[in-house]
Amino acid sequence: MPQFIIRRTSYSIITLFILSLTIFAVVRFTGDPATLMAEPGARAEDLARVRAQWGLDRSWPVQYYQFVQNILSGNLGISFNYRMPVSELYFERLPNSLELAFAATLLSFLIGIPAGLLSAVRVDGVWDQTGKVVALLGLSIPGFWLGLVLILVFSVYLEWLPTGGKGDWRNLLMPALALGWYFAASLLRLTRSSMLEVMRSEYIKLARLKGLPGYVVIAKHGFKNALVPVLTLAGVNLVVMVNAAVIIEVVFAWPGIGRLLFEGIFQRDFPLVQGIVVLAGVMIVFVNLLIDILYAYIDPRIRLTR
Amino acid sequence: MSTTALPRAIDFAAPNPLRRWLRDLPLLPLLILLPFALAAIFAPFIAPYDPTEPVPGAKVFAPPFWMPDGNAATLLGTDFQSRDLLSRLIYGARVSLIVGLMGTVVAGSLGTAFGILSGYIGGWVDQLIMRVTDAWLALPALVFAIFLATVAGPSMWNIVIILGLVYWTRYARVIRGEVLSLREREFVQLAEIAGASRLRVIVRHILPNVLNTTMVLASLTIGVVIIAEASLSFLGVGVPPPEPAWGLMLSEARSTLMAGKWWLTVFPGACILLVVLATQLFGDWLRIRLDPQQRNL
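Since the structure is predicted, the reported quantities are computational estimates derived from the model, not experimental observations. (Residues numbered from 1 in each chain as written. Chains lettered and ligands numbered in written order. Predicted model: local features only at pLDDT ≥ 70, side-chain atom pairs only at ≥ 80, totals over all residues.)

(A) Main features of the overall build of chain B. When helices and strands are tallied, chain B shows 13 helices and 0 strands. Ordered by position in the sequence, the α and β elements of chain B form the string α-α-α-α-α-α-α-α-α-α-α-α-α. Classification of the 297 residues of chain B by burial places 44% in the buried group. In chain B, the proportion of contacts linking residues at least 24 apart, taken out of those at least 6 apart, comes to 69%. (Helix = DSSP H or I, 4+ residues; strand = E, 2+ residues; numbered from the N terminus. Buried ≥ 20, exposed ≤ 12 C-beta atoms within 10 Å, placed from the backbone. Contact = placed C-beta atoms within 7 Å.)

Structure below.
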């Protein structure tokens, strides 16, 4: 186990190294980073000041060293627009994003798992056919468009829910649905196939032979075992949600990190954009590492392969 | 085996190949995709108006023709600059399909090339490519694409390259796995013994055998790429205005959504949905077609 943790952690460090190298290189290959780091419309002496401040007049290896050192010490630059350190802004908005991601995950579990179960128990029935259509639509409807249509129906025409912003549960409902939609559909598919597989196994046949009532077999023997791969998907879900949240937060004016990133793009606030991408990458690498270690702890087979 | 199940009757009276081929075609996805493809190719001949210019004499925000106030001259209504929505949707098909196809081609070529190199050459090349693949897989693709697009500046071809760069990793992973097992097969080893160069083995023996997998992966990527392009355009870092891209149209429609101008939001989104849905269905069909093991199931 310690060996596995060391190997897996070193992979994560390599990943972070490649991430930092990529961001560093892209900014320098595509133009003069000073024009990005200085405020739009800066004068020549301002550019010179920015170059000196960020060490842009030195050689690339030195610049890279400084770039990494800045990240490690939490110095991601100052946002032009907010006049505040980027890291401070990021952690100020993080709870809002987590709240939305949590609500979306909860909602997709509440929709996806029962629907998947229902499809698996009555294969090829009406529910299964409906489930198939929902799963297919879930993977093809762009989440942000679903959000726009929800606003149109529930805010503009029915006037039941607010169009956006942060507040009580009514503000959370539509963005959570738009964000969780894709995940709910994949949960439905996975629960269905996982459940079908489990229901064909020997121990389910034994449980039936024992004369247990059908719902006990399905709930206790079937569902419990079908849940393992479903929980695995929850880890992958985080990456998907970080991606989708950017655009959903913009649609619903939700004050999270995605909205912050959008403002950064819109205001040409380069330190903010770069800082958010770095931090989002670091967070995902870190969470993936934790998940992998957790699985290795639960399932010894993972530890031993490779 | 249960006694009630009869062996499946073998179809001796095979119909002629053409009819069989027609019967097996994925009708629904083709029926959806064909109009969009035709619209994209023949946009200048089909579109009633210039998609970037106001329609002469038309009002701004004219609703579709069946609504009161609607006008038969602008069938699906007009936008905030009194441009014809239908014409913009037709030209928008061009942007979506070109970016979807070309982005997938870039991603597929990069990923397949790296996958083959990694699997066939092995050693430190394999290590290097796989570490980079892992690193890029761990990045949130859309956020990374937004970053690249912000730095590179908005243009359609930039988006094609960026989305190719962001989505190649899955190909590399899968193809490498296939090549690892191909490398051990007799026909590859015999070719090596016969003195074929590495390049020849790769081009003549490895590549043709992984192309099916690349095709299946491509059919699954194309929808993702189309949605990603729409997302980037929606956020203002994709295809720049006044170009008619569906994502950009949704972005422009957002400010008037509250005023109930529903057609500007519903139609572009429905187009994205239909195209992505069709590519998904087509991908499912292709996967079963190209994988004999699944076909028999």
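(B) Molecular detail of the interface of chain B and chain A. Counting residues at the interface gives 39 residues for chain B, matched by 38 residues for chain A. Elements with a contribution of two residues or more to the side of chain B that touches chain A: helix H5 (123-138), helix H6 (141-152), helix H10 (198-235) and helix H12 (263-290) of chain B. For the side of chain B that touches chain A, the per-class residue count stands at 28 nonpolar, 8 polar and 3 charged. (Nonpolar A, V, L, I, M, F, W, Y, C, P; charged D, E, K, R; others polar.)

(C) Seen up close, the environment of glycine 164 of chain A. With respect to the helices and strands, glycine 164 of chain A occurs in the loop between helix H7 (143-157) and helix H8 (169-199). Counting along the chain gives 87 residues from glycine 164 of chain A to valine 251 of chain A, while the straight-line C-alpha distance between them is 7.8 Å.

(D) Looking closely at helix H4 (residues 85-121) of chain B. All names here are of chain B. Between its first and last C-alpha atoms H4 spans 53 Å; for 37 residues at 1.5 Å apiece the expected length is 54 Å, and the two agree. Of all 37 residues in H4, 27 are buried; the element is thus mostly enclosed. In the segment just after H4, glycine 122 is the residue with positive phi, at about 70 degrees. (Expected span 1.5 Å × (residues − 1).)

(E) Structural view of helix H11 (residues 246-253) of chain B. For H11 of chain B, the tally of buried residues reaches 8 of 8 residues, placing the bulk of the element in the interior. Every buried residue of H11 of chain B is accounted for by Trp246, Gly247, Leu248, Met249, Leu250, Ser251, Glu252 and Ala253 of chain B. Contacts from the buried residues of H11 of chain B go to H7 of chain A together with H4, H10 and H12 of chain B.

(F) A look at the nonpolar core. Counting 146 residues, the largest nonpolar core has Ala145, Ile146 and Leu163 of chain B as the members making the most contacts within it. In terms of residues, this core owes the most to one element, H8 of chain A, which gives 16 residues. The residues contacting leucine 163 of chain B, other than those within four sequence positions of it, are Gly103, Ala107, Ala145, Val225, Ala228 and Glu229 of chain B. (Core = buried A, V, L, I, M, F, W, Y, C linked by C-beta atoms within 7 Å.)

(G) A look at the packing of H7 of chain A against H8 of chain A. All names here are of chain A. At a minimum axis separation of 9 Å, H7 and H8 run at an interaxial angle of 145 degrees. By crossing handedness, the relation of H7 to H8 is classed as right-handed. Together, Gly143, Phe144, Leu146, Gly147, Leu150, Ile151 and Phe154 of H7 and Met174, Pro175, Leu177, Ala178, Leu179, Trp181 and Tyr182 of H8 make up the contact between the two elements. When its residues are assigned to classes, the contact of H7 with H8 shows 12 nonpolar, 2 polar and no charged. (Axes fitted to C-alpha atoms, helices over the stretch in contact; angles between N-to-C directions. Left-handed = near helix turned anticlockwise from the far one by under 90°.)

(H) A look at the confidence of the model for chain B. Looking at chain B, pLDDT values average 83 and 90% of them are 70 or higher. This complex was scored by the predictor with a pTM of 0.83 and an ipTM of 0.80. (pLDDT = per-residue confidence, 0-100.)

(I) Layout of unusual backbone geometry. With omega at 5 degrees, the peptide bond leading from proline 241 of chain B into proline 242 of chain B counts as cis. Counting through the fold element by element, proline 242 of chain B comes out in the loop between H10 and H11. In this structure, alanine 253 of chain A takes a positive phi of about 50 degrees despite not being glycine. Tracing the backbone shows alanine 253 of chain A in the loop between helix H10 (214-251) and helix H11 (257-266).

(J) Structural view of the packing of helix H6 (residues 126-140) of chain A against H12 of chain B. In contact at an axis separation of 9 Å, H6 of chain A and H12 of chain B are set at 120 degrees when each is read in the N-to-C sense. Remark: the crossing between H6 of chain A and H12 of chain B carries right-handed chirality. On H12 of chain B, the residues touching Leu136, Leu139 and Ser140 of chain A of H6 of chain A are Leu273, Val276, Leu277 and Gln280 of chain B.

(K) Structural view of the environment of leucine 89 of chain B. All names here are of chain B. Looking at the secondary structure, you find leucine 89 in helix H4. When the 22 C-beta atoms within 10 Å are taken as the criterion, leucine 89 is described as buried. With 109 residues separating them along the chain, leucine 89 and arginine 198 place their C-alpha atoms 48 Å apart. Once residues within four sequence positions are removed from consideration, leucine 89 is found in contact with Phe267, Pro268 and Cys271.

(L) Examining the environment of valine 278 of chain A more closely. Residue and element names in this part refer to chain A. Turning to its location among the elements, valine 278 is positioned in helix H12 (residues 270-298). Of the residues examined, valine 278 has 22 C-beta atoms within 10 Å and is grouped as buried. Between the C-alpha atom of valine 278 and that of alanine 185, which follows or precedes it by 93 residues, the distance is 30 Å. Not counting residues up to four positions away in its chain, the partners in contact with valine 278 are Ile23, Ile71 and Leu76.

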